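Close look at the chain arrangement
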Amino acid sequence: MIHFICMLACSLCLNYLGLQSDLKGTEFISNAGFETLIQRLNAGRRTCKDLEDLLKRRAVAEEKYGKDLVTIAQKAGGLHEICTLKTSFDEMKTQIENVGNLHIQLSVVLKEEVKRMEQFRERQKEQKKKYEIIMEKVQKTKVSLFKKTIESKRSYVQRCKEADEAEGAVEKISVTPTATPKQVEKTNNKARQCREAAEEAEKQYISNIEQLDKIRQEWESTHIDTCEMFQQQEEDRISVLRNALWVHCNHLSMQCVKDDECYENVRTILEDCDIVADNNYFVESHTTGSTRPAPIEYENYYDNYTAAERNGSAGFVGGVMKRFSNLLQGNLSSGSKLNISESAALPAGEMSEEACSSIPGFHASEQANEEYKAMYDYVAQGEDELSISVGDVVVVINQGEDGWWMVKRNGTSGLVPGSYLVKE
(Lines give C-alpha, C1' and ligand atoms only; values in the text may rest on other atoms or scores of the structure.)
Protein backbone atom coordinates (compact mmCIF):
# COMPACT_ATOMS: atom_id res chain seq x y z
CA MET A 1 0.00 0.00 0.00
CA ILE A 2 1.29 3.44 -0.91
CA HIS A 3 1.53 5.60 2.20
CA PHE A 4 1.05 9.33 2.48
CA ILE A 5 4.63 9.49 3.82
CA CYS A 6 5.78 8.87 0.25
CA MET A 7 4.33 12.28 -0.58
CA LEU A 8 6.69 13.67 2.06
CA ALA A 9 9.72 12.29 0.22
CA CYS A 10 9.61 14.98 -2.45
CA SER A 11 9.58 17.74 0.15
CA LEU A 12 12.43 16.14 2.11
CA CYS A 13 14.51 15.64 -1.03
CA LEU A 14 13.99 19.26 -1.93
CA ASN A 15 15.00 20.24 1.59
CA TYR A 16 18.21 18.24 1.44
CA LEU A 17 19.01 19.60 -2.00
CA GLY A 18 18.50 23.07 -0.62
CA LEU A 19 21.07 22.51 2.12
CA GLN A 20 23.58 20.97 -0.30
CA SER A 21 23.22 23.85 -2.73
CA ASP A 22 24.06 26.53 -0.23
CA LEU A 23 20.41 26.99 0.64
CA LYS A 24 19.71 28.64 -2.68
CA GLY A 25 16.03 28.89 -3.53
CA THR A 26 12.96 28.31 -1.36
CA GLU A 27 12.75 24.50 -1.59
CA PHE A 28 13.82 24.00 2.02
CA ILE A 29 10.80 25.80 3.39
CA SER A 30 8.41 24.28 0.86
CA ASN A 31 5.25 22.77 2.39
CA ALA A 32 3.78 21.46 -0.84
CA GLY A 33 3.36 17.86 0.36
CA PHE A 34 1.47 18.89 3.49
CA GLU A 35 -0.73 21.30 1.56
CA THR A 36 -1.56 18.58 -0.95
CA LEU A 37 -2.65 16.30 1.87
CA ILE A 38 -4.79 19.08 3.36
CA GLN A 39 -6.49 19.61 0.01
CA ARG A 40 -7.23 15.89 -0.19
CA LEU A 41 -8.72 15.84 3.32
CA ASN A 42 -10.83 18.91 2.55
CA ALA A 43 -12.11 17.20 -0.60
CA GLY A 44 -12.93 14.16 1.53
CA ARG A 45 -14.91 16.32 3.96
CA ARG A 46 -16.90 17.73 1.05
CA THR A 47 -17.68 14.18 -0.10
CA CYS A 48 -18.91 13.35 3.40
CA LYS A 49 -21.11 16.43 3.30
CA ASP A 50 -22.42 15.44 -0.13
CA LEU A 51 -23.36 12.00 1.17
CA GLU A 52 -25.10 13.58 4.14
CA ASP A 53 -27.11 15.77 1.78
CA LEU A 54 -27.99 12.72 -0.32
CA LEU A 55 -29.24 10.83 2.72
CA LYS A 56 -31.14 13.87 3.98
CA ARG A 57 -32.89 14.36 0.67
CA ARG A 58 -33.70 10.66 0.42
CA ALA A 59 -35.07 10.71 3.98
CA VAL A 60 -37.30 13.67 3.15
CA ALA A 61 -38.51 11.94 -0.03
CA GLU A 62 -39.22 8.69 1.82
CA GLU A 63 -41.12 10.52 4.55
CA LYS A 64 -43.22 12.47 2.06
CA TYR A 65 -43.89 9.34 0.00
CA GLY A 66 -44.89 7.40 3.10
CA LYS A 67 -47.25 10.11 4.32
CA ASP A 68 -48.80 10.38 0.86
CA LEU A 69 -49.43 6.63 0.81
CA VAL A 70 -51.05 6.76 4.24
CA THR A 71 -53.29 9.62 3.09
CA ILE A 72 -54.22 7.74 -0.08
CA ALA A 73 -55.10 4.63 1.92
CA GLN A 74 -57.23 6.57 4.37
CA LYS A 75 -59.15 8.36 1.60
CA ALA A 76 -59.47 5.38 -0.76
CA GLY A 77 -63.18 4.82 0.00
CA GLY A 78 -64.68 1.55 -1.18
CA LEU A 79 -67.31 1.64 1.58
CA HIS A 80 -70.12 0.60 -0.74
CA GLU A 81 -68.50 -2.63 -1.96
CA ILE A 82 -69.65 -6.01 -0.64
CA CYS A 83 -68.45 -9.52 0.12
CA THR A 84 -65.07 -10.83 -1.11
CA LEU A 85 -64.20 -7.84 -3.30
CA LYS A 86 -64.75 -5.55 -0.30
CA THR A 87 -62.35 -7.73 1.72
CA SER A 88 -59.75 -7.49 -1.06
CA PHE A 89 -60.19 -3.74 -1.38
CA ASP A 90 -59.89 -3.23 2.38
CA GLU A 91 -56.75 -5.38 2.44
CA MET A 92 -55.29 -3.26 -0.35
CA LYS A 93 -55.92 -0.10 1.66
CA THR A 94 -54.41 -1.67 4.77
CA GLN A 95 -51.27 -2.78 2.96
CA ILE A 96 -50.83 0.58 1.23
CA GLU A 97 -50.96 2.20 4.65
CA ASN A 98 -48.46 -0.38 5.95
CA VAL A 99 -46.12 0.37 3.05
CA GLY A 100 -46.42 4.07 3.81
CA ASN A 101 -45.54 3.51 7.46
CA LEU A 102 -42.56 1.38 6.42
CA HIS A 103 -41.24 4.20 4.23
CA ILE A 104 -41.70 6.64 7.12
CA GLN A 105 -39.67 4.28 9.31
CA LEU A 106 -37.01 4.13 6.59
CA SER A 107 -36.79 7.93 6.63
CA VAL A 108 -36.14 7.80 10.38
CA VAL A 109 -33.33 5.28 9.82
CA LEU A 110 -31.79 7.48 7.13
CA LYS A 111 -31.90 10.51 9.42
CA GLU A 112 -30.06 8.55 12.10
CA GLU A 113 -27.45 7.57 9.51
CA VAL A 114 -27.05 11.25 8.64
CA LYS A 115 -26.39 12.07 12.29
CA ARG A 116 -23.70 9.41 12.49
CA MET A 117 -22.08 10.80 9.34
CA GLU A 118 -22.11 14.31 10.80
CA GLN A 119 -20.52 13.10 14.03
CA PHE A 120 -17.83 11.22 12.12
CA ARG A 121 -17.08 14.24 9.97
CA GLU A 122 -16.80 16.51 13.02
CA ARG A 123 -14.42 14.09 14.76
CA GLN A 124 -12.16 14.04 11.73
CA LYS A 125 -12.34 17.81 11.51
CA GLU A 126 -11.16 18.20 15.11
CA GLN A 127 -8.28 15.73 14.63
CA LYS A 128 -7.19 17.41 11.42
CA LYS A 129 -7.31 20.83 13.03
CA LYS A 130 -5.13 19.64 15.91
CA TYR A 131 -2.38 18.39 13.60
CA GLU A 132 -2.71 21.40 11.35
CA ILE A 133 -1.91 23.66 14.33
CA ILE A 134 1.15 21.57 15.25
CA MET A 135 2.41 21.55 11.68
CA GLU A 136 1.81 25.26 11.30
CA LYS A 137 3.83 25.96 14.43
CA VAL A 138 6.76 23.78 13.35
CA GLN A 139 6.64 25.22 9.85
CA LYS A 140 6.77 28.77 11.17
CA THR A 141 9.74 27.92 13.38
CA LYS A 142 11.54 26.30 10.48
CA VAL A 143 10.90 29.23 8.16
CA SER A 144 11.99 31.73 10.80
CA LEU A 145 15.22 29.88 11.57
CA PHE A 146 15.85 29.39 7.87
CA LYS A 147 15.70 33.13 7.29
CA LYS A 148 18.00 33.70 10.27
CA THR A 149 20.46 31.16 8.90
CA ILE A 150 20.42 32.83 5.50
CA GLU A 151 21.22 36.17 7.12
CA SER A 152 24.03 34.64 9.18
CA LYS A 153 25.47 33.12 6.04
CA ARG A 154 25.42 36.42 4.24
CA SER A 155 27.14 38.05 7.23
CA TYR A 156 29.71 35.27 7.34
CA VAL A 157 30.49 35.63 3.66
CA GLN A 158 30.76 39.40 3.97
CA ARG A 159 33.09 39.15 6.98
CA CYS A 160 35.29 36.66 5.21
CA LYS A 161 35.60 38.96 2.22
CA GLU A 162 36.48 41.87 4.49
CA ALA A 163 39.10 39.77 6.32
CA ASP A 164 40.64 38.68 3.04
CA GLU A 165 40.82 42.27 1.85
CA ALA A 166 42.38 43.41 5.13
CA GLU A 167 45.02 40.65 5.01
CA GLY A 168 45.74 41.55 1.41
CA ALA A 169 46.30 45.14 2.46
CA VAL A 170 48.77 43.99 5.13
CA GLU A 171 50.79 42.04 2.58
CA LYS A 172 50.73 44.98 0.22
CA ILE A 173 51.81 47.55 2.79
CA SER A 174 54.54 45.30 4.13
CA VAL A 175 56.36 45.45 0.81
CA THR A 176 55.82 49.16 0.40
CA PRO A 177 59.12 51.01 1.19
CA THR A 178 57.39 54.26 2.03
CA ALA A 179 55.03 52.72 4.61
CA THR A 180 55.54 53.97 8.11
CA PRO A 181 55.47 51.59 11.09
CA LYS A 182 52.30 53.25 12.29
CA GLN A 183 50.55 52.52 9.03
CA VAL A 184 51.69 48.92 9.09
CA GLU A 185 50.47 48.49 12.66
CA LYS A 186 47.13 50.05 11.81
CA THR A 187 46.71 47.76 8.81
CA ASN A 188 47.62 44.70 10.87
CA ASN A 189 45.11 45.63 13.57
CA LYS A 190 42.35 46.06 11.00
CA ALA A 191 43.15 42.71 9.41
CA ARG A 192 43.12 41.03 12.79
CA GLN A 193 39.75 42.60 13.67
CA CYS A 194 38.26 41.56 10.34
CA ARG A 195 39.48 38.03 10.80
CA GLU A 196 38.00 37.91 14.30
CA ALA A 197 34.70 39.22 12.95
CA ALA A 198 34.76 36.58 10.22
CA GLU A 199 35.40 33.87 12.75
CA GLU A 200 32.54 35.13 14.91
CA ALA A 201 30.21 35.21 11.91
CA GLU A 202 31.30 31.69 11.04
CA LYS A 203 30.45 30.48 14.53
CA GLN A 204 27.04 32.13 14.35
CA TYR A 205 26.42 30.68 10.94
CA ILE A 206 27.41 27.18 12.09
CA SER A 207 25.19 27.51 15.18
CA ASN A 208 22.23 28.52 13.05
CA ILE A 209 22.86 25.62 10.70
CA GLU A 210 22.87 23.22 13.64
CA GLN A 211 19.63 24.69 15.04
CA LEU A 212 18.04 24.60 11.62
CA ASP A 213 18.96 20.97 11.25
CA LYS A 214 17.36 20.18 14.61
CA ILE A 215 14.18 22.00 13.71
CA ARG A 216 14.24 20.22 10.34
CA GLN A 217 14.39 16.88 12.09
CA GLU A 218 11.55 17.96 14.39
CA TRP A 219 9.54 19.15 11.40
CA GLU A 220 10.20 15.88 9.57
CA SER A 221 9.13 13.82 12.60
CA THR A 222 5.99 15.91 13.05
CA HIS A 223 5.29 15.69 9.35
CA ILE A 224 5.55 11.90 9.44
CA ASP A 225 3.19 11.67 12.40
CA THR A 226 0.78 14.02 10.65
CA CYS A 227 0.92 12.01 7.42
CA GLU A 228 0.23 8.82 9.33
CA MET A 229 -2.74 10.43 11.09
CA PHE A 230 -4.07 11.88 7.84
CA GLN A 231 -3.71 8.53 6.10
CA GLN A 232 -5.60 6.86 8.93
CA GLN A 233 -8.31 9.51 8.63
CA GLU A 234 -8.55 8.93 4.90
CA GLU A 235 -8.78 5.17 5.34
CA ASP A 236 -11.48 5.61 7.95
CA ARG A 237 -13.37 8.06 5.76
CA ILE A 238 -13.33 5.81 2.71
CA SER A 239 -14.37 2.83 4.83
CA VAL A 240 -17.19 4.73 6.51
CA LEU A 241 -18.51 6.16 3.23
CA ARG A 242 -18.31 2.79 1.51
CA ASN A 243 -20.14 1.11 4.38
CA ALA A 244 -22.73 3.91 4.49
CA LEU A 245 -23.48 3.47 0.78
CA TRP A 246 -23.60 -0.31 1.22
CA VAL A 247 -25.97 -0.06 4.18
CA HIS A 248 -28.11 2.47 2.30
CA CYS A 249 -28.50 0.03 -0.59
CA ASN A 250 -29.37 -2.72 1.89
CA HIS A 251 -32.05 -0.51 3.43
CA LEU A 252 -33.57 0.15 0.02
CA SER A 253 -33.45 -3.55 -0.89
CA MET A 254 -35.10 -4.51 2.39
CA GLN A 255 -37.74 -1.86 1.79
CA CYS A 256 -38.52 -3.41 -1.59
CA VAL A 257 -38.82 -6.84 0.05
CA LYS A 258 -41.16 -5.48 2.74
CA ASP A 259 -43.25 -3.70 0.11
CA ASP A 260 -43.55 -6.91 -1.89
CA GLU A 261 -44.58 -8.83 1.24
CA CYS A 262 -47.39 -6.35 1.82
CA TYR A 263 -48.57 -6.61 -1.76
CA GLU A 264 -48.30 -10.40 -1.62
CA ASN A 265 -50.83 -10.31 1.22
CA VAL A 266 -53.16 -8.44 -1.10
CA ARG A 267 -52.64 -11.00 -3.86
CA THR A 268 -53.40 -13.80 -1.40
CA ILE A 269 -56.70 -12.16 -0.46
CA LEU A 270 -57.51 -11.54 -4.13
CA GLU A 271 -57.21 -15.27 -4.81
CA ASP A 272 -60.31 -15.74 -2.63
CA CYS A 273 -62.25 -13.04 -4.49
CA ASP A 274 -65.19 -14.91 -6.09
CA ILE A 275 -67.36 -13.21 -8.69
CA VAL A 276 -70.20 -15.72 -8.32
CA ALA A 277 -70.12 -15.51 -4.54
CA ASP A 278 -70.29 -11.69 -4.65
CA ASN A 279 -73.25 -11.73 -7.02
CA ASN A 280 -75.07 -14.41 -5.00
CA TYR A 281 -74.47 -12.45 -1.81
CA PHE A 282 -75.95 -9.34 -3.41
CA VAL A 283 -79.03 -11.21 -4.61
CA GLU A 284 -79.60 -12.91 -1.26
CA SER A 285 -79.11 -9.79 0.82
CA HIS A 286 -81.10 -7.44 -1.44
CA THR A 287 -83.81 -9.72 -2.88
CA THR A 288 -87.18 -8.08 -3.52
CA GLY A 289 -89.10 -11.17 -4.61
CA SER A 290 -88.95 -14.00 -7.13
CA THR A 291 -92.31 -13.50 -8.92
CA ARG A 292 -92.87 -10.99 -11.69
CA PRO A 293 -95.80 -8.63 -11.22
CA ALA A 294 -98.98 -9.75 -13.03
CA PRO A 295 -100.41 -7.56 -15.79
CA ILE A 296 -103.17 -5.13 -14.82
CA GLU A 297 -106.54 -6.80 -15.54
CA TYR A 298 -109.72 -5.13 -16.74
CA GLU A 299 -112.41 -4.86 -14.08
CA ASN A 300 -115.97 -4.38 -15.38
CA TYR A 301 -117.78 -1.76 -13.47
CA TYR A 302 -121.12 -3.60 -13.71
CA ASP A 303 -119.71 -6.86 -12.35
CA ASN A 304 -119.33 -5.23 -8.95
CA TYR A 305 -123.05 -4.36 -8.58
CA THR A 306 -126.30 -6.35 -8.59
CA ALA A 307 -129.08 -5.85 -11.04
CA ALA A 308 -131.11 -4.02 -8.40
CA GLU A 309 -128.32 -1.61 -7.71
CA ARG A 310 -128.13 -0.86 -11.39
CA ASN A 311 -131.81 0.29 -11.26
CA GLY A 312 -132.99 -2.49 -13.51
CA SER A 313 -130.60 -1.67 -16.29
CA ALA A 314 -130.05 -4.65 -18.51
CA GLY A 315 -126.42 -5.71 -18.43
CA PHE A 316 -124.64 -7.35 -21.25
CA VAL A 317 -123.46 -10.85 -20.62
CA GLY A 318 -120.75 -12.77 -22.33
CA GLY A 319 -117.08 -12.17 -22.80
CA VAL A 320 -117.32 -9.60 -25.54
CA MET A 321 -119.91 -7.42 -23.74
CA LYS A 322 -117.77 -7.41 -20.59
CA ARG A 323 -114.89 -5.79 -22.50
CA PHE A 324 -116.98 -3.40 -24.57
CA SER A 325 -119.32 -2.14 -21.81
CA ASN A 326 -117.40 1.10 -21.69
CA LEU A 327 -118.56 1.80 -25.22
CA LEU A 328 -122.18 1.99 -24.18
CA GLN A 329 -123.50 5.53 -24.33
CA GLY A 330 -127.14 5.47 -23.24
CA ASN A 331 -129.75 3.40 -25.07
CA LEU A 332 -128.97 1.42 -28.17
CA SER A 333 -129.86 3.18 -31.43
CA SER A 334 -133.32 2.63 -32.81
CA GLY A 335 -131.78 1.24 -35.99
CA SER A 336 -130.15 -1.71 -34.18
CA LYS A 337 -130.99 -5.06 -35.60
CA LEU A 338 -130.58 -6.68 -32.22
CA ASN A 339 -132.02 -5.28 -29.01
CA ILE A 340 -130.62 -5.71 -25.58
CA SER A 341 -132.78 -8.65 -24.68
CA GLU A 342 -131.83 -10.42 -27.90
CA SER A 343 -128.18 -9.81 -27.40
CA ALA A 344 -128.39 -11.04 -23.86
CA ALA A 345 -129.98 -14.22 -25.12
CA LEU A 346 -126.94 -15.01 -27.25
CA PRO A 347 -124.40 -17.40 -25.80
CA ALA A 348 -121.05 -15.97 -24.73
CA GLY A 349 -118.62 -15.62 -27.59
CA GLU A 350 -121.33 -15.77 -30.32
CA MET A 351 -122.38 -12.16 -30.70
CA SER A 352 -123.04 -11.39 -34.32
CA GLU A 353 -121.56 -8.57 -36.23
CA GLU A 354 -124.98 -6.94 -36.36
CA ALA A 355 -125.07 -6.92 -32.56
CA CYS A 356 -121.62 -5.43 -32.40
CA SER A 357 -122.54 -2.83 -35.00
CA SER A 358 -125.48 -1.74 -32.85
CA ILE A 359 -123.04 -0.64 -30.10
CA PRO A 360 -122.38 3.09 -30.33
CA GLY A 361 -118.74 3.81 -31.19
CA PHE A 362 -118.22 0.43 -32.83
CA HIS A 363 -117.01 0.61 -36.42
CA ALA A 364 -116.51 -2.21 -38.80
CA SER A 365 -113.12 -0.78 -39.74
CA GLU A 366 -111.76 -1.80 -36.36
CA GLN A 367 -112.02 -5.41 -37.40
CA ALA A 368 -108.70 -5.41 -39.18
CA ASN A 369 -108.40 -9.20 -39.46
CA GLU A 370 -104.57 -8.78 -39.54
CA GLU A 371 -102.08 -11.40 -38.44
CA TYR A 372 -99.95 -10.74 -35.33
CA LYS A 373 -97.30 -12.78 -33.55
CA ALA A 374 -97.18 -13.34 -29.78
CA MET A 375 -94.06 -11.93 -28.09
CA TYR A 376 -94.81 -13.41 -24.65
CA ASP A 377 -96.66 -16.31 -23.14
CA TYR A 378 -100.10 -15.58 -21.71
CA VAL A 379 -102.34 -17.93 -19.71
CA ALA A 380 -106.09 -17.21 -19.94
CA GLN A 381 -107.54 -15.95 -16.67
CA GLY A 382 -111.17 -16.26 -17.73
CA GLU A 383 -113.44 -18.19 -20.09
CA ASP A 384 -113.57 -15.27 -22.52
CA GLU A 385 -109.75 -15.11 -22.79
CA LEU A 386 -107.40 -17.08 -25.01
CA SER A 387 -104.08 -18.62 -23.95
CA ILE A 388 -101.13 -17.97 -26.29
CA SER A 389 -97.45 -18.91 -26.42
CA VAL A 390 -94.41 -17.08 -27.74
CA GLY A 391 -94.35 -17.28 -31.54
CA ASP A 392 -98.04 -18.09 -32.01
CA VAL A 393 -99.64 -16.34 -35.02
CA VAL A 394 -103.13 -15.04 -34.41
CA VAL A 395 -105.67 -13.05 -36.42
CA VAL A 396 -106.78 -9.85 -34.72
CA ILE A 397 -110.52 -9.45 -35.01
CA ASN A 398 -110.85 -6.30 -32.94
CA GLN A 399 -108.43 -3.95 -31.17
CA GLY A 400 -110.17 -2.76 -28.02
CA GLU A 401 -109.46 0.69 -26.65
CA ASP A 402 -109.01 -0.81 -23.19
CA GLY A 403 -105.95 -2.79 -24.34
CA TRP A 404 -107.68 -6.13 -24.76
CA TRP A 405 -107.83 -7.47 -28.32
CA MET A 406 -110.18 -10.07 -29.72
CA VAL A 407 -108.09 -12.58 -31.66
CA LYS A 408 -108.63 -15.88 -33.37
CA ARG A 409 -106.24 -18.83 -33.49
CA ASN A 410 -106.96 -22.26 -34.94
CA GLY A 411 -110.69 -21.53 -35.02
CA THR A 412 -110.78 -20.42 -31.35
CA SER A 413 -111.46 -16.80 -30.42
CA GLY A 414 -110.72 -14.98 -27.22
CA LEU A 415 -109.28 -11.89 -25.59
CA VAL A 416 -105.54 -11.35 -25.07
CA PRO A 417 -103.48 -8.30 -23.96
CA GLY A 418 -102.68 -6.26 -27.07
CA SER A 419 -99.24 -5.37 -25.70
CA TYR A 420 -98.24 -9.05 -25.97
CA LEU A 421 -98.62 -8.99 -29.79
CA VAL A 422 -96.54 -7.62 -32.59
CA LYS A 423 -97.59 -7.25 -36.19
CA GLU A 424 -96.40 -10.12 -38.40
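Up top is the structure.
This text gives an overview of the structure that appears in the document. A quick note: this is a predicted structure, and the numbers were derived from the prediction, not measured. (Residues numbered from 1 in each chain as written. Predicted model: local features only at pLDDT ≥ 70, side-chain atom pairs only at ≥ 80, totals over all residues. Heavy atoms only, no water.)

**Comments concerning the overall build of the protein chain**
Threshold: The numbering of helices and of strands both runs from the N terminus, where a helix is a DSSP run of H or I of at least 4 residues and a strand a run of E of at least 2. Type-normalised accessible area, obtained with a 1.4 Å probe on protein chains alone, sets the label of each residue: buried when under 20%, exposed when over 50%, and partly exposed for intermediate values. Residues count as neighbours in contact if any of their non-hydrogen atoms are within 4.5 Å of one another. Where accessible areas are quoted, they stem from the Shrake-Rupley method and a 1.4 Å probe; at the residue level, only the protein chains shown are allowed to cover.
Within the protein chain one finds 8 helices and 5 strands. Beginning at the N terminus, the succession of helices and strands in the protein chain can be written as α-α-α-α-α-α-α-α-β-β-β-β-β. Residues counted as buried form 32% of the 424 residues belonging to the protein chain. Here the contacts in the protein chain between residues at least 6 apart in sequence split such that 74% fall between residues at least 24 apart. A total accessible area of about 27,000 Å² is found for the protein chain, and carbon and sulfur atoms account for 53% of it.

**Brief notes about the pairing of strand S2 (residues 393–399)**
The criterion, for reference: Each pair of strands is called paired provided DSSP finds at least two bridges between the two strands.
Pairing analysis gives 4 bridges linking strand S1 (residues 370–374) to S2, with the strands arranged antiparallel. Following the sheet pairing, Tyr-372 is matched in S2 by Val-394. Pairing of S2 with strand S3 (residues 404–409), which is carried by 4 bridges, proceeds in the antiparallel orientation. Residue pairing in the sheet places Gln-399 in a bridge with Trp-405 of S3. Two successive antiparallel strands, S2 and S3, enclose a turn made up of 4 residues, where Gly-403 displays a positive phi of approximately 95 degrees.

**Some points on the environment of Asp-260**
Position of Asp-260 relative to the elements: it lies in helix H4 (residues 181–271). Residues Asp-260 and Val-99 lie 161 residues apart in sequence; the distance between their C-alpha atoms is 9.2 Å.

**With respect to the pairing of S1**
The pairing of S1 with strand S5 (residues 421–423) spans 3 bridges and is classified as antiparallel. The partner of Ala-374 across the bridge, within S5, is Leu-421.

**With respect to the environment of Asn-189**
Threshold: Whenever two N or O atoms come within 3.5 Å, that pair is a polar contact, provided that in protein one can donate a hydrogen and the other can accept it, and provided that, for residues adjacent in sequence, both atoms are side-chain atoms.
For Asn-189, the location among the structural elements is in helix H4. The sequence separation of Asn-189 and Ala-166 amounts to 23 residues, and the corresponding C-alpha distance is 9.1 Å. Reaching out from Asn-189, the side chain makes a polar contact with the side chain of Arg-192 at a distance of 2.4 Å.

**Quick word on the pattern of salt bridges**
Heads up, the condition is: Salt bridge, as used here: a side-chain nitrogen of Lys or Arg that lies within 4 Å of a carboxyl oxygen of Asp or Glu.
Applying the stated rule across the entire model yields 24 salt bridges. For Asp-90, the salt bridge identified is with Lys-93, shortest N-O distance 3.7 Å. With Asp-90 and Lys-93 both in helix H3 (residues 83–174) and 3 residues apart, the pair spans about one turn of that helix. Taking relative accessible area as the criterion, Lys-93 reaches 17% and is therefore assigned buried. For the salt bridge of Arg-267 with Asp-260, the shortest nitrogen-to-oxygen distance reads 3.3 Å. On the basis of relative accessible area, Asp-260 is assigned to the partly exposed category, the value being 43%. One continuous salt-bridge network, built from bridges that share partners, spans Arg-40, Glu-234 and Arg-237.

**A closer look at the packing of aromatic side chains**
Keep this limit in mind: In this analysis, rings of Phe, Tyr and Trp, with Trp reduced to its six-membered ring, are considered paired at centre separations within 6.5 Å, and the interplanar angle assigns stacked below 30 degrees, edge-to-face beyond 60, and tilted for intermediate values. In our convention, an over-ring charge means Lys NZ or Arg CZ found within 6 Å of a ring centre and within 35 degrees of that ring's normal.
Summed over all chains, the structure comprises 7 aromatic pairs. The interplanar angle of 65 degrees and the centroid separation of 6.1 Å between the aromatic rings of Tyr-378 and Trp-404 together place this pair among those described as edge-to-face. Note that Tyr-378 is positioned in the loop between S1 and S2 and Trp-404 in strand S3, a separation of 26 residues in sequence. By way of ring pairs, the aromatic residues Tyr-376, Tyr-378, Trp-404 and Tyr-420 are connected into one cluster. Over the ring of Phe-28 we find Lys-142; its NZ or CZ atom is 5.4 Å from the centre of that ring. Looking at Lys-142, its charged tip hangs above the ring of Trp-219, at a distance of 3.5 Å from the centre.

**Topic: the sheet that holds S1**
Keep this limit in mind: In this description, a line fitted to the C-alpha atoms serves as the axis of each element, helices being fitted only across the stretch in contact, and the angle between N-to-C directions of two axes falls anywhere from 0 to 180 degrees.
Overall, antiparallel pairing links the 5 strands, which are arranged S4-S3-S2-S1-S5 in an open sheet. Taken across any chain shown, the strands that pair with only one partner, and hence form the sheet edges, are strand S4 (412–417) and S5. Between one strand axis and the next, the sheet turns through 45 degrees on average, direction left out of account. With 6 bridges joining them, S3 and S4 adopt antiparallel strand pairing. The residue of S4 that forms the bridge with Trp-404 is Pro-417.

**Considerations on unusual backbone geometry**
Unlike most non-glycine residues, Cys-83 shows phi in positive territory, near 55 degrees. Topologically, Cys-83 is positioned in helix H3. Judged by its relative accessible area of 26%, Cys-83 falls in the partly exposed class. At Asn-410, a residue that is not glycine, the phi angle is positive and equals roughly 55 degrees. Here Asn-410 shows up in the loop between S3 and S4. The exposed category is assigned to Asn-410, whose relative accessible area is 71%.

**Remarks on the environment of Ile-150**
Take Ile-150: it is sitting in helix H3. Separated by 59 residues in sequence, Ile-150 and Ile-209 place their C-alpha atoms 9.2 Å apart.

**Description of the side chain of His-103**
Positionally, His-103 belongs in helix H3. Residue His-103 is classed as buried on the basis of its relative accessible area of 7%. Discounting residues that sit within four places of it in the chain, His-103 has contacts with Glu-62, Glu-63, Tyr-65, Gly-66, Leu-69, Gln-255 and Asp-259.

**A word on the nonpolar core**
Here is the rule: Residues belong to a common nonpolar core when they are buried Ala, Val, Leu, Ile, Met, Phe, Trp, Tyr or Cys residues joined through side-chain atoms within 4.5 Å.
With 15 residues, the main nonpolar core has Ile-388, Val-407 and Leu-421 as its most contacted residues. For this core, the secondary-structure elements that each account for two or more residues are S1, S2, S3 and S4. If one sorts the elements of this core by residue count, S3 sits on top with 4 residues. In terms of nonpolar packing, the next biggest core, distinct from the first, is built from 11 residues, Leu-55, Val-114, Met-117 and Ala-244 among them.

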